Amino acid sequence: MAETLVEFVIAEDPPKRLDKALSRDVPVEASLSRTRLAKLISEGGVALNGGAVTDPKHKVAEGDAVVITVPVAEDSHIGPEDIPLEVIWEDDDLIVINKPAGMVVHPAPGTPNGTLVNALLHHCGDTLSGVGGMKRPGIVHRIDKETSGLLVVAKTDAAHQGLAAQFEAHTVERYYRAVCYGVPDANDPRLRGVRGVNFESGNIMKITTHLARHKTDRQRQAVLFEGGRHAVTRVRIVQPFGNPAVACLVECWLETGRTHQIRVHMAHAGHGLIGDPVYGGRRKLAEKAIGVKGAAAARSFDRQALHAAVLGFEHPVTGEMLRFEAPLPEDMAQLIEDLGGV
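> I tried to follow the packing of aromatic side chains on my own but got confused; where do I start?
The relative placement of two aromatic rings is captured by the distance of their centres and the angle of their planes. Applying the stated criterion across every chain, the model contains three aromatic pairs. Arranged with centres 5.8 Å apart and planes meeting at 55°, the rings of W89 and F324 form a pair that is tilted. With W89 in strand β6 (residues 87-90) and F324 in strand β18 (residues 321-325), this pair connects stretches of sequence that are 235 residues apart. You can call F324 buried: its relative accessible area is 9%. Measuring from centroid to centroid gives 6.1 Å for F313 and F324, while their planes differ by 40°, and the two rings are tilted. Of this pair, F313 sits in strand β17 (residues 306-314) while F324 sits in strand β18, and the two are eleven residues apart along the sequence. We note that F313, like F324, is buried. Over the ring of F225 we find R195; its NZ or CZ atom is 4.0 Å from the centre of that ring.

> Help me out: how do you make sense of the pairing of strand β12 (residues 197-200) in this one?
Working note: regular strand, side chains alternate between the two faces of the sheet. Note that β12 and strand β13 (residues 204-213) share four bridges and pair antiparallel. The residue bridging E200 from the neighbouring strand is I204, located in β13. Hairpin connection of β12 to β13: three residues between the antiparallel strands, including G202 at a positive phi of 85°.

Cut-offs applied
- Residues numbered from 1 in each chain as written.
- Predicted model: local features only at pLDDT ≥ 70, side-chain atom pairs only at ≥ 80, totals over all residues.
- Heavy atoms only, no water.
- Phe/Tyr/Trp six-rings, centres within 6.5 Å; stacked < 30°, edge-to-face > 60°.
- Helix = DSSP H or I, 4+ residues; strand = E, 2+ residues; numbered from the N terminus.
- Buried < 20%, exposed > 50% of the residue type's maximum accessible area, 1.4 Å probe, protein only.
- Lys NZ or Arg CZ within 6 Å of the ring centre and 35° of its normal.
- Pairing = 2+ DSSP bridges.

Remember, this is a structural readout, not a statement about activity or role.
As structure tokens, then:
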């Protein structure tokens, strides 16, 4: 198997352990994460002063000569496909995509091709240096097939680990735009009786529950208050629609990022998303309140009206703060116009 050598010297005042010293001193351009380094140590790919070392706790000293043998990343079993992508940002370490509704992020048994990963393998080509020893894009978060908007994907092992750490620490800025049934207003007495729902200053609805896979429908998520995974969503009214208001454009932001989180949380609060076939409930909007055109637009909207509009994070290699915005896609913009919005 082809391989490359990464050679360097342990700098002054190193950590005592080999794995920690390597993580600190390995050249940035090698794009080797802590996880990847640990694997290379265990596989005998790290030599210290000419001898292979497989113990991550091995003691090191300033001036020790390190040679890491890195196998060239293997080609992925997933095939590249020439699918157009809207690239918002790209450098040697990562790529930010505005994903269209209808595109699955990663191949699965039901969708083996036509996914974002297939498209990225074609688009990035040889610029993928390898994630976990495989030439593949590093997926650190996903949005549902029928949700549009921003995604960041790692092109290197180091970028993948750095981004994953930020998502795990919930420091990534993620704002969504959605169109829901009703208006989530603090003055609605019904909402005071919904467990897990409360309001913060500025009429911001906060939904705090646990989420887990539904017991009988494996395609759904269910709200729990014991067990499952902690989930927090905040929601702000942007524009109500109708007289009286029967629908609303809202902005949602995530403290956590669980599967279907916004969709299931909004449904739990009684404000399911228009067009959502799983959680939305397919309600009819009163024509007297919203007009014939608005009622028809909501009834015929064929996906959840949800768009990942803002994505902000620290560049995992350079440390630069990055923030991206994606305008509403045409179908959601038309829905809002038909409902009487601007």
